[in-house]
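# Report on the structure
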Amino acid sequence: MADTTLMDKLVSLCKRRGFVFQSSEIYGGLGSVWDYGPLGVELKKNVKDRWWQAMVHARDDIEGIDAAILMHPRVWEASGHVAGFTDPLVDCRHCKNRFRADDPRIKGTPGQPDAQCPVCGSKGTLTEPRLFNLMFKTFMGPVEEQAAVVYLRPETAQGIYVNYLNVLQSSRQRIPFGIAQIGKAFRNEITPGNFIFRTREFEQMEMQFFVKPGTDAEWFERWREWRMQWHRDLGLAPARLQWHQHGPDELAHYARAAFDIQYQFPFGWQEIEGIHNRGDFDLGRHQEYSGKKLEYFDQAANERYLPFIVETSAGADRVALTLLVDAYREEQVEGETRVVLGLHPAVAPIKAGVFPLVKKDGMPELATALYHDLKRRFPAFYDDSGAIGRRYRRMDEAGTPFGITVDGETAAQRTVTVRHRDSMQQDRVGVDQVADYVAERIAGN
Ligand code: GAP
């Protein structure tokens, strides 16, 4: 299967089955903005829930917060985003297209007579590069004046830094400790694309871990290990995960060291999460710009210092896309193509399909009762239309790990068949045990 075809097939499956739709599609869509449908919202929620469970609930040294998207404009001056969160852009005066100045398709030097537009081919029509800030601006209050400019946050991290003292004092944590947050971020990306990989509105799952200076390198290594393991535990193929260390020319202005966890997408190895040693850059800058002391006082050692920060930053949409790409497969079964999303049961949107084999002999009634019973424990789906094979196939495409069929033996023996999505093997399980049977496999895998 050619790689671009895989992405095309995935985009089409996502629309057909209700994972992801283009935003405002009936108006022709909005560039690189996507909406999640009934299955997609469950998939992404499962990703976020697993992250929250691992980062907040399972640990006693991390607290969660949910900061507002809109923040004081000075935050973005302190963070470096107003001055530095920019891409150099060039325009073609002839065809009016716009490119990143480092677009490899541009021949020659933009602004010079030899430069050639990669779209219309005109020479000498490309402007000098101009810096373009990636933050979305909006206005607070009714008057569109400079004083009221606010930004849609381009990362969730800043909401954590400005709340660091509030959380420290209210939770009675001590260093080392972390603050975690999941929320929307916005970037006016110049070269978005690859479906939900790079979008203009997306969700981040970020954690900032505050440590004593000098212990940052060891915490950085711990967090690298834990975060890679989290991705492996999602069921992603280990051979498709790798580390990428940022060289000196790639490091962001705030980072002392940075590693990306990359996944091998059909369009190449790409970042899904970044782990950064940010030193005291963030708290130092917020202390300077706000005029508020942000130092930590270690009572036991009787010392005062500005903590260093180790950050883990992942995109929920990007992890959802990674799961979909990793899970998609086509198989030949009895002369037909079977499309399967082999999602880990814990992240699958629907855990079980419930089917009466035929619409008579009391089977629909038994299946409906079982369906309502299962729905109290986990998302399930009832389907009585079409041949049983077709119903199984529909659930395979949705990534549903278990298909439960009520058949002629159910009434007398109080048993059903449980079909496993990946092996297509069937087990006979007691009606009263089937909810536990599925629940154990969701939790245990
Ligand atoms: N606070 C650090 C930070 O924001 P980043 O490398 O710019 O670092 C972290 O972003 C993660 O956020 C990325 O690894 C990616 O998963 C996600 N992300 C960033 N930009 C994105 C975009 N335009 N669309 C979707 N996800 C994005």
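Please refer to the structure placed before this passage.
The present account deals with the structure reproduced in this document. Being a predicted model, the structure only gives us computed values, none of them experimental.

### What to know about the sheet that holds strand 23 (residues 426-430)
Reading across the sheet, the five strands line up as 20-19-21-22-23 and stay open at both edges, with mixed pairing between neighbours. Strand pairing shows two members of the sheet lacking a second neighbour, strand 20 (380-382) and strand 23, which therefore form its edges. Averaged over all neighbouring strand pairs, the angle between strand axes comes to 25°, with direction disregarded. Running at roughly 165° to strand 19 (residues 352-356), helix 10 (residues 363-375) makes contact with strand 19, strand 20, strand 21 (402-406) and strand 22 (415-420) of the sheet. Where helix 11 (residues 388-398) meets the sheet, it contacts strand 19, strand 20, strand 21, strand 22 and strand 23, and its direction lies at approximately 170° from that of strand 19.

### What about the pattern of salt bridges?
On inspection of all chains with the given rule, the structure shows 34 salt bridges. Its salt-bridge partner being Asp91, residue Arg98 comes within 2.7 Å of it at the nearest N-O pair. Exposure remark for Arg98: the relative accessible area of 47% places this residue in the partly exposed category. For Asp373, the salt bridge identified is with Arg376, shortest N-O distance 2.8 Å. Residue classification places Asp373 among the partly exposed residues on the basis of a relative accessible area of 33%. Residue classification places Arg376 among the exposed positions, given a relative accessible area of 66%.

### What to know about the packing of helix 2 (residues 38-57) against helix 9 (residues 316-327)
One can describe the packing of helix 2 onto helix 9 by two numbers: an axis separation of 9 Å at closest approach and a directional angle of 115°. Taken together, the axis directions place helix 2 and helix 9 in an arrangement best described as roughly perpendicular. Note that helix 2 runs across helix 9; the crossing there is right-handed. Residue-level inspection shows Leu43, Lys44, Val47 and Lys48 of helix 2 in contact with helix 9, the latter providing Ala316, Asp317, Val319, Ala320, Leu323 and Leu324. Tallied by class, the residues present in the contact of helix 2 with helix 9 amount to seven nonpolar, no polar and three charged.

### Digging into the environment of Gly389
By secondary structure assignment, the location of Gly389 is in helix 11. Among the residues examined, Gly389 registers a relative accessible area of 31% and is labelled partly exposed. C-alpha of Gly389 to C-alpha of Gly284: the two residues are 105 residues apart in sequence and 62 Å apart in space.

### Observations concerning the site of the ligand
Contacts to the ligand come from 21 residues, most closely from Glu155, Glu189, Glu206, Glu271 and Glu311. One of the side-chain nitrogen or oxygen atoms of Gln204 is found 3.0 Å away from an oxygen atom of the ligand. Across the complex, the protein chains shield 92% of the 560 Å² of accessible surface that the ligand would expose by itself. Of the residues forming the shell around the ligand, the biggest block, five residues, is contributed by strand 13 (residues 268-279). In terms of residue class, the shell around the ligand is made up of six nonpolar, five polar and 10 charged.

### Details of the side chain of Thr400
Position of Thr400 relative to the elements: it lies in the loop between helix 11 and strand 21. Look past the residues within four positions of Thr400 in its chain and what remains in contact with it is Ile350, Lys351, Ala352, Gly353, Met395 and Arg421.

### Section: the sheet that holds strand 6 (residues 130-133)
Reading across the sheet, the three strands line up as 5-4-6 and stay open at both edges, with antiparallel pairing between neighbours. Sheet topology places strand 5 (98-100) and strand 6 at the edges, where each strand pairs with a single neighbour. For this sheet the average axis-to-axis angle between neighbouring strands, irrespective of direction, equals 45°. Alignment of strand 4 (residues 86-91) against strand 5, held across three bridges, turns out to be antiparallel. Each residue of the ladder has a partner; that of Asp91, found in strand 5, is Arg98.

### Re unusual backbone geometry
Note the cis peptide between Ile175 and Pro176, where omega equals 10°. In this structure, Pro176 sits in the loop between helix 6 (164-171) and strand 9 (177-186). The phi dihedral of Asn194 is positive, around 55°, even though this residue is not glycine. If you trace the backbone, Asn194 turns up in the loop between strand 9 and strand 10 (201-211).

### Remarks on the packing of aromatic side chains
The way to describe two aromatic rings as a pair is by their centre distance and the angle between their planes. Tallying each qualifying case throughout the model produces 17 aromatic pairs. Summarising the aromatic geometry, the rings of Tyr164 and Phe210 are spaced 4.7 Å apart at their centres and angled 25° between planes, so their arrangement reads as stacked. Placement of the pair is Tyr164 in helix 6 and Phe210 in strand 10, with a sequence separation of 46 residues. Taking the relative accessible area as the measure of exposure, Phe210 reaches 0% and is therefore buried. Geometrically, the ring pair formed by Trp243 and Phe259 is edge-to-face, given 5.8 Å between the ring centres and 90° between the ring planes. In this pair, Trp243 sits in strand 11 (residues 241-245) while Phe259 sits in strand 12 (residues 257-265), placing the two residues 16 residues apart along the sequence. A residue is classified by how much of its surface remains accessible, and Trp243, at 27% relative accessible area, is partly exposed. Three or more aromatic residues joined by ring pairs form one cluster here, namely Phe197, Tyr263, Phe265 and Phe267.

Criteria and thresholds
Residues numbered from 1 in each chain as written. Predicted model: local features only at pLDDT ≥ 70, side-chain atom pairs only at ≥ 80, totals over all residues. Heavy atoms only, no water. Pairing = 2+ DSSP bridges. Helix = DSSP H or I, 4+ residues; strand = E, 2+ residues; numbered from the N terminus. Axes fitted to C-alpha atoms, helices over the stretch in contact; angles between N-to-C directions. Contact = heavy atoms within 4.5 Å. Salt bridge = Lys/Arg side-chain N within 4 Å of Asp/Glu carboxyl O. Buried < 20%, exposed > 50% of the residue type's maximum accessible area, 1.4 Å probe, protein only. Parallel < 35°, antiparallel > 145°, perpendicular 65-115°, else oblique. Left-handed = near helix turned anticlockwise from the far one by under 90°. Nonpolar A, V, L, I, M, F, W, Y, C, P; charged D, E, K, R; others polar. Near = heavy atom within 4 Å. Polar contact = N/O pair within 3.5 Å; in protein donor to acceptor, adjacent residues only side chain to side chain. Areas by Shrake-Rupley, 256 points an atom, 1.4 Å probe, with all protein chains shown as cover. Phe/Tyr/Trp six-rings, centres within 6.5 Å; stacked < 30°, edge-to-face > 60°.

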